[in-house]
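Listed here are the chains, written in short residue letters.
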Amino acid sequence: MTNPTVVDNQTVLDAESWKEKGNIAFKNGDWDEAYKCYTRALKQTKEDTPEKAVYYKNRAAVHLKKNEYNEARDDCTVALDIVTNDPKALFRRCQALEALEKYEEAYRDARQIHTVDPGNKAIQPILERLHQVVQERIRQNAQTTNKVAQMFTYAFDIEEEKEKRETAIKNLLVLARDKVGAEIMYQSGIVHRISSLLKVEKNKEIFLSAVRIVGELCKNCVQRTKGVLQEVGVPWFLDILNCREEVQVNAAQYCIQTILNSLSGMDNKPDSKPQSELCQENKNEIDTMLTCLVYATTSRTISGLARDALMELLTRNIHYSALNWAEHLVEIHGLRRLMEVASELEEYKYESSMEITSSTRTISSVCLARIYENMYYDKTRARFLNSVDDYIKDKLITPDIESKVRVVVALTTLLLGPLDVGNTIVSREGIMEMILVMAGTDDVLQQKVACECIIAAASKRDKVHSIIKQGVDILKKLYQSKNDNIRVRALVGLCKLGSSGGIDASIRPFSDGSTTKLAEACRRFLINPAKDCDMRRWAVEGLSYLTLDADVKEKLVEDKDALRAMIELAKGGDQSAVYGCVTTLVNLANAYEKQEVIPEMVELAKFSKHHIPEEHELDDPDFVAKRLEILAKEGVTSALVGLSKTESQNTKELISRVFNAICCQKDLRGLVVQQGGAKVLLPMALEGTEKGKKQAAQALARIGITINPEVAFPGQRSVEVIRPLLSLLSLDCNALENFEALMALCNLAGVNETIRKRIVKDGGVPKIENYMYEEHEMLKRAATQVMTNLITSPDVVKIYEGKNDRTKLLVLLCSEDDEETNMAAAGALAVLTSASTKACKKVFQPQTWLDILHKLLANPNKDLQHRGVVIVYNMMHSCKDVAEKLVATDIMEILMALSTIKEEGKEKVWEYAGEALKAAEEWKLIRKPSEEHEEEEEDVE
């Protein structure tokens, strides 16, 4: 039975009527409307009747048209539950299953159709094709099974020759990357074999390949992932992770990340997001995995590298953009565990110490910052702060020095990560006083950690003033220490306080010349090979503050030894050293974020007697350009390529800034491409901080303007660069960024059809068109030029043929005051009218179309005139209706005049004018003069 439904408060339709409406929509190609109608029909039908099966079949046909194969399969299955062996339902499910690459199931449906409907000719070619596919898969599976068995024989036999075993395990790794191979290996019990093998395996190559095989088995398969976890358990992965060899730690980390990805539906792509249904289904497994990671971070038996890897995994997965687990981490007291790690010192080992690396505190600060970012409600932020407070209070209850040292080290880590939390704790009564007292003691350890905390705390202007007042004398005294570790930290503290005025040349906390003296002291530490890495890292950090002063910039950029020493230090991989080095380069390149100066606001500030920042004369564009040239010639570009491998998104943002500053200089762009800059900028433009992505995208745009895209972005890169460029066509970007992106897109669109199709697919056409309506002349011109190249694509022609005013806009743009815009619009219109009769008809849409054609045909610019004649030629050849409309105007007289004036350089103009007249003759809309004469003679007779 079907129930009537009121439509528009007037029409009452039953299920069958909805089906008929759906059929009409389907024939017209309106898939969305057809889907709605069939769904309404299904809702009207409560019982499982043959009619209901028809509605499901029809809706499945809609899903097939929309490439929604899972939904098509499901609808057909429901229809077949109602009417068994229905040929149409079987046929459509067969199509869906084949598209889903479930060939065996599709073949089974095809055979069933042949059985119930032997005369069905449509299924014959499908049946033959699927038979071949299935037979080939059976053959391949048999071969794969044999290969797996053979490789098992060699790989897991300890007594076998080393070379044979290594080859076998590598072959198994290759097979594990194939769906079929992975399933066969899993069913053959490879996980159990690997877990047994790794207990005794000594060969590192075989060990690592075996671990990687487990990761590949888990990739994109929830069932296998759960099976692997059940077989070996989470502790097995943590045992493999617990190693002092980076390559093994990376392999285990990859495995754990792959398991989390499979359970949540994420992958390694930059914009990957988890699937909520999968996360809910696998919540227990995900929670268990992450809880184990959190608890393992404070294990006293794991290596420093393993601890770093665990925190990196937490950083990557707990954010709201990933598994959204940060709040739960705080609830299970995980934050306290991370604070324990954050309070560790690499150089000094207490009885309760954990093993850490030189990067552990940096990684823990990033992890803490990522957790805090996840606290986007006041209540959750308060919970975060309370948890940190509890940790600090518990430590300070005990009077021993170790507790105080740990508190100060943890505060330093917080000040490098969630700065707001660190500042809140430091501002508590007695905390800063305690730090200054520790700095004034004779205990080297207390001096060292206090210095580091003072440096970290001197980030906010109000803190700087109080520290300068209380702490400068202490820092100066510490700089006289005989211990280099104390001296260099005190030096950096002075550097940071001395640079608190930033780039404002009018603020000098210390006396004139002090910053250059401090820079020279940092330089001595940096270039001295006798000093250890840690001291040189601190020296670079000092320079990263001092290079806000233009005098220091000019001196350092000429110091090749210091530049090379700084870059070599950064290449060592220590994340804090990388950050300091890249920050220094950002300062040298003036690539830091600058506040826009609005003249009206400056005048208002003067009137209000507010301080107005002053720019140093050595920061003028000419000096900056010279510094950039020196940096590029010293190999900074190739160094940045190496440094871009860092996991820190903030560091990547700084690297993007330096690249963008270098690419600002036209002559240096070729060097950037030559040294691999374009290659590393691509991923940075797709993933990272918003500002970092924008900087990288603008650098790519600048490269794309100057250098042939096929050279700058060879192969697949020419397609991958489109998304970053389109991201610059946004209201959040300034006019220069918009313009440069359009110029680069214009060059790309002229390369080949593949690129044009990708621009269309990524939604580029409407974004580019927005700027064709802009009042800004340069943006309008650039956007129109992009469209001139894009319109050679059949896909874009189809867009212009639709029900819209796009062609009308092009015609109107041909009458712009800017000649370059006219040229681009007329060129685009010439291409469009040559490809589409519909477009030729649309030329008549604007009321001023005739005036615009007049302007083009009579234009003194021969190139514009040429485009105008081509447009008329195309219209005249398109169809008789268009030609008649043209003939009814004075266009014919203009064409006749153009066809007779054979000026040098205008050969194409008179040629196309003559051809347009011939087209009018062929449509029999005009006659040749000779024909008219013959007719007159006949009349006379």
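The rules behind each value
- Residues numbered from 1 in each chain as written.
- Predicted model: local features only at pLDDT ≥ 70, side-chain atom pairs only at ≥ 80, totals over all residues.
- Heavy atoms only, no water.
- Helix = DSSP H or I, 4+ residues; strand = E, 2+ residues; numbered from the N terminus.
- Buried < 20%, exposed > 50% of the residue type's maximum accessible area, 1.4 Å probe, protein only.
- Contact = heavy atoms within 4.5 Å.
- Areas by Shrake-Rupley, 256 points an atom, 1.4 Å probe, with all protein chains shown as cover.
- Lys, Arg positive; Asp, Glu negative; His and termini not counted.
- Charge placed at Lys NZ, Arg CZ, Asp CG, Glu CD.
- Core = buried A, V, L, I, M, F, W, Y, C linked by side-chain atoms within 4.5 Å.
- Patch = residues over 30% accessible without salt bridge, like charges linked within 9 Å, V, L, I, M, F, W, Y side chains within 5 Å.
- Salt bridge = Lys/Arg side-chain N within 4 Å of Asp/Glu carboxyl O.
- Axes fitted to C-alpha atoms, helices over the stretch in contact; angles between N-to-C directions.
- Nonpolar A, V, L, I, M, F, W, Y, C, P; charged D, E, K, R; others polar.
- Polar contact = N/O pair within 3.5 Å; in protein donor to acceptor, adjacent residues only side chain to side chain.
- Phe/Tyr/Trp six-rings, centres within 6.5 Å; stacked < 30°, edge-to-face > 60°.
- Lys NZ or Arg CZ within 6 Å of the ring centre and 35° of its normal.
- Disulfide = S-S within 2.5 Å.
- pLDDT = per-residue confidence, 0-100.
- Expected span 1.5 Å × (residues − 1).
- Parallel < 35°, antiparallel > 145°, perpendicular 65-115°, else oblique.
- Left-handed = near helix turned anticlockwise from the far one by under 90°.
- Arc of directions from axis to C-beta.

Visitor: Can you break down the overall build of the chain residue by residue, with the values?
Guide: Counting its regular elements, the chain contains 56 helices and 2 strands. A principal-axis box enclosing the C-alpha atoms of the chain has dimensions of 130 × 80 × 70 Å. Across the 941 residues in the chain, those meeting the buried criterion constitute 52%. In the chain, the proportion of contacts linking residues at least 24 apart, taken out of those at least 6 apart, comes to 68%. Per element, the accessible surface of the chain, about 45,100 Å² overall, is 49% carbon and sulfur. Charge-centre separation for the chain: the mean point of 125 positive side chains lies 5 Å from the mean point of 143 negative side chains.

Visitor: Please set out the nonpolar core residue by residue, giving values where relevant.
Guide: Residues Leu172, Ile190, Ile213, Phe237, Ile371 and Ile703 are the most contacted members of the largest nonpolar core, which totals 269 residues. Beyond its immediate chain neighbours, meaning those up to four positions away, isoleucine 190 contacts Phe152, Phe156, Leu172, Met185, Ile213 and Leu217. Core analysis: the next-biggest nonpolar cluster, separate from the first, contains 26 residues, Cys37, Leu42, Ala89 and Ala110 among them.

Visitor: Let's hear about a positive patch on the surface: which residues, and what values?
Guide: Taken together, Lys21, Lys36, Arg40 and Lys43 make up a surface patch of like positive charges. Considering every element that reaches the positive patch, the biggest residue donor is helix H2 (residues 31-44), with 3 residues. Along the chain, lysine 21 turns up in helix H1 (residues 15-27).

Visitor: Residue-level account of a negative patch on the surface, with values.
Guide: A cluster of like negative charges, contributed by Asp551, Glu617, Asp620 and Asp622, occupies part of the molecular surface. Mapped onto the elements of the fold, aspartate 620 is located in the loop between helix H33 (599-607) and helix H34 (621-633). Judged by its relative accessible area of 34%, aspartate 620 is partly exposed.

Visitor: Tell me about the packing of helix H8 (residues 162-176) against helix H9 (residues 179-187), and name the residues and values.
Guide: Helix-helix packing is described using two parameters, namely the angle between the two axes and the distance between the axes. Two elements in contact, H8 and H9, have axes separated by 6 Å at closest approach and are oriented at 120 degrees. Side by side, H8 and H9 meet where Leu172, Leu175 and Ala176 of the first sit next to Gly181, Ala182 and Met185 of the second. The residue makeup of the contact of H8 with H9, split by class, is 5 nonpolar, 1 polar and no charged.

Visitor: Please set out the pattern of salt bridges residue by residue, giving values where relevant.
Guide: According to the stated counting rule, one finds 42 salt bridges in the structure shown. The closest approach of N and O atoms between arginine 406 and glutamate 344, which form a salt bridge, is 3.2 Å. In this pair, arginine 406 is assigned in helix H22 (residues 401-416) and glutamate 344 in the loop between helix H19 (334-342) and helix H20 (360-374), connecting sequence segments 62 residues apart. A relative accessible area of 1% means that glutamate 344 is categorised as buried. Several salt bridges share partner residues, and in doing so they unite Glu16, Lys19 and Glu20 into one network.

Visitor: Provide a residue-level description of the side chain of glutamine 248, including the pertinent values.
Guide: Mapped onto the elements of the fold, glutamine 248 is located in helix H14 (residues 246-264). Of the polar contacts made by the side chain of glutamine 248, one reaches the side chain of lysine 204; its length is 2.7 Å. Setting aside its immediate chain neighbours within four residues, glutamine 248 contacts Lys204, Phe207, Leu208, Ile240 and Cys243.

Visitor: Which residues make up the packing of aromatic side chains, and what values go with them?
Guide: Per the counting criterion, the structure on display carries 8 aromatic pairs. Between tryptophan 236 and phenylalanine 237, the aromatic rings sit 5.0 Å apart at their centres with planes inclined by 85 degrees, giving edge-to-face as the arrangement. Per residue, the accessibility class of tryptophan 236 equals that of phenylalanine 237, and both read buried. Sitting over the face of the ring of tyrosine 35, lysine 66 holds its NZ or CZ atom 5.5 Å from the ring centroid. The ring of tyrosine 295 has arginine 337 lying over it, and the distance from NZ or CZ to the ring centre is 4.1 Å.

Visitor: Explain the state of the cysteines to me, and be specific about the residues and the numbers.
Guide: As enumerated under the stated definition, the model contains 0 disulfides in all. Cysteine 840 takes part in no disulfide bond, and the closest cysteine sulfur, belonging to cysteine 879, lies 7.4 Å away. Assessed through its relative accessible area of 0%, cysteine 840 is described here as buried.

Visitor: Mind laying out the confidence of the model for the chain, listing which residues take part and the relevant values?
Guide: For the chain, the mean per-residue pLDDT works out to 85, and 90% of the residues sit at or above 70. Scored below 50 in pLDDT, residues 1-11 shows 22 contacts in the model against residues more than four places distant or in partner chains. Predicted confidence for residues 931-941 stays below pLDDT 50, and this span has 2 contacts to residues more than four positions away or in other chains.

Visitor: Hey, could you go over helix H39 (residues 690-706) for me, with residue numbers and the actual values?
Guide: When the terminal C-alpha atoms of H39 are compared, their 25 Å separation across 17 residues agrees well with the 24 Å that a helix rising 1.5 Å per residue should span. Listed in full, the buried residues belonging to H39 are Gly692, Gln695, Ala696, Ala697, Gln698, Ala699, Leu700, Ala701, Arg702, Ile703 and Gly704. In the core, the buried residues of H39 are packed alongside helix H36 (649-663), helix H37 (669-674), helix H38 (677-686), helix H40 (709-712), helix H42 (722-727) and helix H43 (735-749).

Visitor: Hey, could you go over a nonpolar patch on the surface for me, with residue numbers and the actual values?
Guide: Together, Tyr320, Tyr376 and Tyr377 give the surface a local cluster of nonpolar side chains, amounting to about 370 Å² of exposed area. Checked against the element boundaries, tyrosine 320 lands in the loop between helix H17 (304-317) and helix H18 (326-331). The class for tyrosine 320 is partly exposed, based on a relative accessible area of 46%.

Visitor: Describe unusual backbone geometry, naming the residues involved and giving the relevant values.
Guide: A positive phi angle, near 60 degrees, is found at asparagine 67, a position not held by glycine. Here asparagine 67 shows up in the loop between helix H3 (50-65) and helix H4 (69-82). For asparagine 67, a relative accessible area of 51% gives the class exposed. Of note, lysine 924 is a non-glycine position whose phi angle comes to about 60 degrees, a positive value. Considering the arrangement of structural elements, one finds lysine 924 in the loop between helix H55 (907-922) and helix H56 (929-940).

Visitor: Lay out the packing of H9 against helix H12 (residues 222-232) with the relevant residues and their values.
Guide: Between H9 and H12, the least distance of the axes is 12 Å, while the angle of their chain directions is 30 degrees. In terms of their interaxial angle, H9 and H12 are classed as roughly parallel. As H9 packs across H12, the resulting crossing turns out to be left-handed. Seen from H9, the contacting residues are Lys179, Ala182, Glu183 and Tyr186; seen from H12, they are Gln223, Arg224, Gly227 and Val228. Classifying every residue of the contact of H9 with H12 by side-chain character gives 3 nonpolar, 2 polar and 3 charged.

Visitor: Describe in detail the environment of phenylalanine 659, supporting the description with residues and values.
Guide: For phenylalanine 659, the location among the structural elements is in helix H36. You can call phenylalanine 659 buried: its relative accessible area is 0%. When the C-alpha atoms of phenylalanine 659 and glycine 827 are compared, they prove to be 35 Å apart, with 168 residues separating the residues in sequence. With sequence-adjacent residues up to four places away left out, phenylalanine 659 is seen in contact with Thr637, Leu640, Val641, Val672, Gly677, Val680, Leu681, Met684 and Ala699.

Visitor: I'd love a proper account of helix H51 (residues 849-857), names of residues and values included.
Guide: Taken residue by residue, H51 has Trp849, Ile852, Leu853, Leu856 and Leu857 as its buried positions. Down the axis of H51, the buried set is contained in an arc of 130 degrees. They therefore lie on one face.

Visitor: So, the environment of leucine 396: which residues are in play, and what are the values?
Guide: Looking at where leucine 396 falls in the secondary structure, it is placed in helix H21 (residues 378-397). On a C-alpha basis, the gap between leucine 396 and tyrosine 773 in space is 65 Å, while along the polypeptide they are 377 residues apart. Apart from the residues lying within four places of it in its own chain, the contact partners of leucine 396 are Lys404, Val407, Ile431 and Met434.

Visitor: Now, about the environment of leucine 385: what can you tell me, with residues and values included?
Guide: Within the element layout of this structure, leucine 385 appears in helix H21. Along the sequence, leucine 385 and lysine 219 sit 166 residues apart, while their C-alpha atoms lie 38 Å from each other. Excluding its chain neighbours within four sequence positions, the residues that come into contact with leucine 385 are Val421, Thr424, Ile425 and Arg428.

Visitor: For the side chain of asparagine 822, give the residues involved together with the corresponding values.
Guide: Within the secondary structure, asparagine 822 is located in helix H49 (residues 819-835). According to the relative accessible area criterion, asparagine 822 is buried, its value standing at 5%. From its side chain, asparagine 822 meets the backbone oxygen of glutamate 816 in a polar contact 2.8 Å long.

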